[in-house]
Amino acid sequence: GKRKKRTMKTEKQSTGTGDSTKNRGTSPPPRAKIIWRAAVCLLGFLSSMIVTNAATFVSGDIPTATWTISRSPYTVIGNCTVAAGQILTIQPGVTVIIGTGLNMDVNGQILALGSPTEPITFRAQDSTHYWNRIYVVWGGGADSRFEYCNFSQGITAVYLSMRSAVGTMATELS
């Protein structure tokens with residue numbers, strides 16, 4: 001005799017779209033799982049960026065400000081100046097990266113007050129490029145202070161100058 005052809009019905013595999021009875025109510029379709037995993041990875045990456053320090057770029061005039069560890073490192077990308085009457089306070093643990101050949105001119109006041117356990121670091125981007133100097137000019141106003149600061153890869157590092165013929169400059173370096 002004649003043989004009958006047997007046909008088997010198979011359930012169509014889900015592609016993550018359309019109606020699938022196989023995945024209904026138990027777990028998301030495969031494509032949705034991939035999207036979910038990607039979203040979780042992205043959120044993890046973004047949250048790790050939030051808790052790390054964010055670099056801050058500096059150039060030009062620096063108004064009265066406080067440089068904090070949460071915004072460190074501060075990267076000097078152009079010559080900058082703390083103008084007369086302005087005060088730049090740098091908190092313990094801050095790193096200041098100064099670009100090749102650049103200066104920080106201080107006509108006002110700089111208070112770089114590190115601690116024995118959290119010194120302030122002034123350095124170049126790497127060990128083969130040197131920054132020029134922090135040029136502190138005293139004009140009869142308040143004195144600048146550098147406590148527990150490390151200076152590296154600077155040609156002059158800190159240069160002190162007096163503009164006033166009267167008075168005594170008492171800038172502190174320790």
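Anything mentioned here points back to the structure above.
Owing to the predicted nature of the structure, the values given are computational and were not obtained by experimental measurement.

### Let's talk about the overall build of the protein chain
Alright, step 1. A tally of regular secondary structure across the protein chain gives 1 helix and 13 strands.
Alright, step 2. Seen in sequence order, the protein chain has helices and strands lined up from the N terminus as α-β-β-β-β-β-β-β-β-β-β-β-β-β.
Alright, step 3. Out of the 174 residues in the protein chain, the part that is buried amounts to 28%.
Alright, step 4. Counting contacts in the protein chain only where the partners sit at least 6 residues apart, residues at least 24 apart contribute 54% of the total.
Alright, step 5. Accessible surface, the protein chain: about 11500 Å² in total, of which carbon and sulfur atoms supply 56%.

### Brief notes about the layout of surface pockets
Alright, step 1. Roughly 160 Å³ of volume is contained in the largest pocket.
Alright, step 2. Along the wall of the largest pocket there are 14 residues; nearest its centre are A84, G85, N107, G108 and G141.

### Quick notes on the nonpolar core
Alright, step 1. If you look at the biggest cluster of nonpolar residues, it comprises 27 residues, and the most contacted ones within it are W67, I90, V96, M104, F122 and F146.
Alright, step 2. For this core, the leading source of residues is strand β3 (residues 74-82), giving 4 residues.

### Details of the environment of G85
Alright, step 1. Following the sequence through the fold, G85 ends up in the loop between β3 and β4 (87-90).
Alright, step 2. Spatially, the C-alpha atom of G85 lies 9.1 Å from that of P63, the residues being 22 residues apart in sequence.
Alright, step 3. With near-sequence residues (within four places) excluded, G85 lies in contact with T64 and G108.

### Focus: the pairing of strand β8 (residues 120-123)
Alright, step 1. Of the two faces of β8, the one lined by I120 and F122 is fully buried and the one lined by T121 and R123 carries no buried residue.
Alright, step 2. With 3 bridges connecting them, β8 and strand β11 (residues 149-151) associate as parallel partners. Residue pairing for β11: I120 is matched across the bridge by C149.

### Here's the deal with unusual backbone geometry
Alright, step 1. The residue after S72, namely P73, is reached through a cis peptide bond having omega 5°.
Alright, step 2. Relative to the helices and strands, P73 is located in the loop between β2 (65-67) and β3.
Alright, step 3. Positive phi outside glycine occurs at Q153, with the angle close to 60°.
Alright, step 4. For Q153, the position within the fold is in the loop between β11 and β12 (154-162).
Alright, step 5. Since its relative accessible area comes to 21%, Q153 is described here as partly exposed.
Alright, step 6. In this structure, A157 is a non-glycine residue whose phi angle is positive, near 65°.
Alright, step 7. Within the element layout of this structure, A157 appears in strand β12.

### Focus: the packing of aromatic side chains
Alright, step 1. Inspection of every chain in the model, using the stated rule, returns 5 aromatic pairs.
Alright, step 2. Arranged with centres 6.2 Å apart and planes meeting at 65°, the rings of F122 and F146 form a pair that is edge-to-face. Here F122, found in strand β8, pairs with F146, found in strand β10 (residues 145-147); they are 24 residues apart in sequence, far enough to count as distant.
Alright, step 3. For F122, a relative accessible area of 0% translates into the label buried.
Alright, step 4. A centroid spacing of 5.0 Å and a plane angle of 10° characterise the contact between F122 and F151, whose relative ring orientation is stacked. One end of the pair, F122, is in strand β8; the other, F151, is in strand β11, with 29 residues separating them in the sequence.
Alright, step 5. Among the aromatic side chains, those forming a connected cluster through ring pairs are F122, F146 and F151.
Alright, step 6. The aromatic ring of Y135 is capped on one face by R133, whose charged end is 4.5 Å from the ring centroid.
Alright, step 7. The positively charged end of R133 is found above the aromatic ring belonging to Y159, 5.0 Å away from the centroid.

What counts and what doesn't
- Residues numbered from 1 in each chain as written.
- Predicted model: local features only at pLDDT ≥ 70, side-chain atom pairs only at ≥ 80, totals over all residues.
- Heavy atoms only, no water.
- Helix = DSSP H or I, 4+ residues; strand = E, 2+ residues; numbered from the N terminus.
- Buried < 20%, exposed > 50% of the residue type's maximum accessible area, 1.4 Å probe, protein only.
- Contact = heavy atoms within 4.5 Å.
- Areas by Shrake-Rupley, 256 points an atom, 1.4 Å probe, with all protein chains shown as cover.
- 1 Å grid on protein atoms, 1.4 Å probe; cavity = no way out; pocket = protein on both sides within 12 Å on 5 of 7 lines; lining within 4 Å.
- Points joined across faces, edges and corners; volume = space filled by probe spheres on them.
- Core = buried A, V, L, I, M, F, W, Y, C linked by side-chain atoms within 4.5 Å.
- Pairing = 2+ DSSP bridges.
- Phe/Tyr/Trp six-rings, centres within 6.5 Å; stacked < 30°, edge-to-face > 60°.
- Lys NZ or Arg CZ within 6 Å of the ring centre and 35° of its normal.

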